[in-house]
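Residues per chain, in single letters:
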Amino acid sequence: MKETIYSIPINESFEITDGQCPVCRLHRRLTEDTLEYVLGAAMMEPDVRQRTNALGFCPEHLAALMQKQKRLPLALLLETHFKALTESEKRLFDASTCYVCDRVGGFLKAYYGNILYLWRGEESFRRKWNAQTFLCRPHTAALAAAARDELSKKEAPAFLASLREKSIASLSRMTESLEIFIRSFDHRFAGEDLGEHKQAVQNAAAFLCGAK
Ligand SMILES: [Zn+2]
Ligand SMILES: [Zn+2]
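Predicted model, so just to flag it, every value in this text is computed and none were measured. (Residues numbered from 1 in each chain as written. Chains lettered and ligands numbered in written order. Predicted model: local features only at pLDDT ≥ 70, side-chain atom pairs only at ≥ 80, totals over all residues. Heavy atoms only, no water.)

**Examining the coordination of the zinc ion (ligand 1)**
Binding of the zinc ion (ligand 1) to the protein goes through C21 (SG), C24 (SG), C136 (SG) and H139 (ND1), at separations of 2.0 to 2.4 Å. One way to put it: the 4 donor atoms around the zinc ion (ligand 1) meet at angles of 96 to 118 degrees, and that makes the site tetrahedral. Counting gaps between the donor residues of the zinc ion (ligand 1) yields the pattern C-x2-C-x111-C-x2-H. Pair noted here: C21 is in the loop between α1 (7-15) and α2 (22-39) and H139 is in helix α9 (residues 137-150), with a separation of 118 residues, a long-range link. (Donors = N, O, S within 2.8 Å, 3.2 Å for Na, K, Ca; no water. Tetrahedral: all angles 85-135°; square planar, octahedral: opposite > 155°, others 65-115°. Helix = DSSP H or I, 4+ residues; strand = E, 2+ residues; numbered from the N terminus.)

What follows is the structure in structure tokens.
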């Protein structure tokens with residue numbers, strides 16, 4: 001069934017309860033798979049090459065591709081991409097496209113639909129969902145938009161309420177953590193052990209930026 005095609009990776013990610021965003025985990029995995037794909041099997045796929053030629057790569061993903069140290073496949077991809085840029089002013093003047101962003105975004109959209117499908121229909125997934133304490137803001141926003149589109153008027157409010165509940169709890173925890181971190185710069189509290197609050201700014205950034 002179309003709606004459950006990605007239920008294995010989704011269930012695997014939601015089984016982990018380490019306080020990190022389960023959708024970021026999926027997002028990172030998709031990105032890694034796509035980077036490997038681009039420099040490997042996709043080289044021989046004319047359809048994919050047409051897409052990489054047309055879309056190119058954003059700075060972030062080009063840097064990630066460079067890090068893979070596979071210079072020959074990357075050179076081949078860039079050579080034909082440059083030909084495509086030479087041939088099209090429209091492409092040349094649009095630096096916003098990226099094959100990796102596009103492919104990962106397409107999969108993620110399907111994942112959001114699958115997450116909602118599992119949440120709606122599978123008690124065991126609902127338990128995993130409820131056990132997640134943290135979802136980053138970009139994925140919270142994306143799931144909220146998907147819920148408004150794909151869930152019925154009757155189901156959407158319950159899903160949105162659970163998203164909101166997770167966000168409010170995270171915001172409250174992170175705000176307290178930031179306050180303790182800020183207070184540590186006051187000389188009256190110097191030397192106090194910050195413990196987990198040492199990570200206050202990193203945790204806030206993880207909430208705001210997600211998988212990036
Ligand atoms: Zn996330
Ligand atoms: Zn990109």
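**Quick word on the coordination of the zinc ion (ligand 2)**
The zinc ion (ligand 2) binds to the protein through C58 (SG), H61 (ND1), C98 (SG) and C101 (SG); the donor distances cover 2.0 to 2.3 Å. Along the chain, the residues that donate to the zinc ion (ligand 2) are spaced as C-x2-H-x36-C-x2-C. Pair noted here: H61 is in helix α4 (residues 59-67) and C98 is in the loop between α6 (89-92) and α7 (99-121), with a separation of 37 residues, a long-range link. As far as the burial class goes, H61 and C98 line up, both buried. (Buried < 20%, exposed > 50% of the residue type's maximum accessible area, 1.4 Å probe, protein only.)

**Focus on the pattern of salt bridges**
Taken as a whole, this structure holds 11 salt bridges when the rule is applied. Among the ionic pairs, E32 bridges to K68, the shortest N-O distance being 2.3 Å. A residue pair is termed long-range when its members are at least 10 positions apart, and E32 in helix α2 and K68 in the loop between α4 and α5 (71-87) qualify at 36 residues. The partner of E36 in a salt bridge is K68, with the nearest N and O atoms 3.1 Å apart. In this pair, E36 is assigned in helix α2 and K68 in the loop between α4 and α5, connecting sequence segments 32 residues apart. (Salt bridge = Lys/Arg side-chain N within 4 Å of Asp/Glu carboxyl O.)

**A few points about the packing of aromatic side chains**
Applying the stated criterion across every chain yields a total of 8 aromatic pairs. Here a set of aromatic residues connected by ring pairs shows up, and it is made of F14, W119, F125, W129 and F159. (Phe/Tyr/Trp six-rings, centres within 6.5 Å; stacked < 30°, edge-to-face > 60°.)

**Comments concerning the domain arrangement of the protein chain**
For the protein chain, the domain assignment lists domain 1 (2-169) and domain 2 (170-209). Inter-centroid distance (C-alpha atoms) of domain 1 to domain 2 is 30 Å. Counting from both sides, the interface comprises 10 residues of domain 1 and, opposite them, 9 residues of domain 2. Of the roughly 760 Å² buried at the junction of domain 1 and domain 2 (both faces included), carbon and sulfur atoms supply 56%. At the boundary of domain 1 and domain 2, one finds 0 salt bridges. Counting across the interface, domain 1 meets domain 2 through 11 residue pairs in polar contact (both at pLDDT 80 or more). Counting only elements with at least two residues in the side of domain 1 that touches domain 2, the list comes to α9 and α10 (156-183). (Domains from an automatic or database assignment. Contact = heavy atoms within 4.5 Å. Buried area = accessible area lost by both parts, 1.4 Å probe. Polar contact = N/O pair within 3.5 Å; in protein donor to acceptor, adjacent residues only side chain to side chain.)

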